[in-house]
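Summary of the model geometry
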Amino acid sequence: MRQTIDLGGEEQKVDAGLNQFSGTQTADRLVFTIGKFGVVDVFDTNKYAHDPRSDFLNWTILDTGTFDYAADAWAYTVGAAAEWYQGPWTLRAGLFDLSTRT
């Protein structure tokens, strides 16, 4: 589940994606995400080498390998994240369940 709370500022267009409806959002906003998702979906926003689900040969070579876990091939985990967007700056925090296997 993801909830966005607009705080004002410049309005930005949001294009439709695989898990995203099109619409608008403001530059200053709070975003809360809770559920089972990939940690790098929130904390790694590099547009050139980010998503192993759509980029060729992009597992831990170019992404954060510490969040990958062999029993969960897509590196999903249960957790929560909070993001605060303030103009060009973003502050992110999260709490995630780590695997019991090493």
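Let me sum up the structure you'll find in this document. (Residues numbered from 1 in each chain as written. Predicted model: local features only at pLDDT ≥ 70, side-chain atom pairs only at ≥ 80, totals over all residues. Heavy atoms only, no water.)

So, about the overall build of the protein. Assigned secondary structure in the protein consists of one helix and four strands. Counted from the first residue to the last, the protein has its helices and strands arranged as β-β-α-β-β. Contacts in the protein between residues far apart in sequence, at least 24 positions, make up 47% of those at least 6 positions apart. By element, 58% of the accessible surface of the protein is carried by carbon and sulfur atoms, the whole surface being about 7700 Å². (Helix = DSSP H or I, 4+ residues; strand = E, 2+ residues; numbered from the N terminus. Contact = heavy atoms within 4.5 Å. Areas by Shrake-Rupley, 256 points an atom, 1.4 Å probe, with all protein chains shown as cover.)

Moving on, we get to the sheet that holds strand 2 (residues 23-38). The strand order 1-2-3-4 describes an open sheet built from four strands, whose pairing is antiparallel. One side of each edge strand has no neighbouring strand; the edge strands of this open sheet are strand 1 (2-14) and strand 4 (89-96). Shown here is a sheet whose adjacent strand axes are inclined to one another by a mean of 20 degrees, direction ignored. Summarising the sheet, strand 2 and strand 3 (residues 76-86) pair through 10 bridges and their orientation is antiparallel. (Pairing = 2+ DSSP bridges. Axes fitted to C-alpha atoms, helices over the stretch in contact; angles between N-to-C directions.)

The grouping of Ile5, Leu7, Phe32, Trp84 and Leu91 at the surface amounts to a nonpolar patch, some 470 Å² of accessible area in total. Along the polypeptide, Trp84 turns up in strand 3. On the basis of relative accessibility, which here comes to 40%, the residue Trp84 falls in the partly exposed class. (Patch = residues over 30% accessible without salt bridge, like charges linked within 9 Å, V, L, I, M, F, W, Y side chains within 5 Å. Salt bridge = Lys/Arg side-chain N within 4 Å of Asp/Glu carboxyl O. Buried < 20%, exposed > 50% of the residue type's maximum accessible area, 1.4 Å probe, protein only.)

It is worth spelling out the pattern of salt bridges at this point. Using the criterion set out here, one finds two salt bridges in the structure. Linking Lys13 and Asp15 is a salt bridge whose minimum nitrogen-to-oxygen distance equals 3.7 Å.

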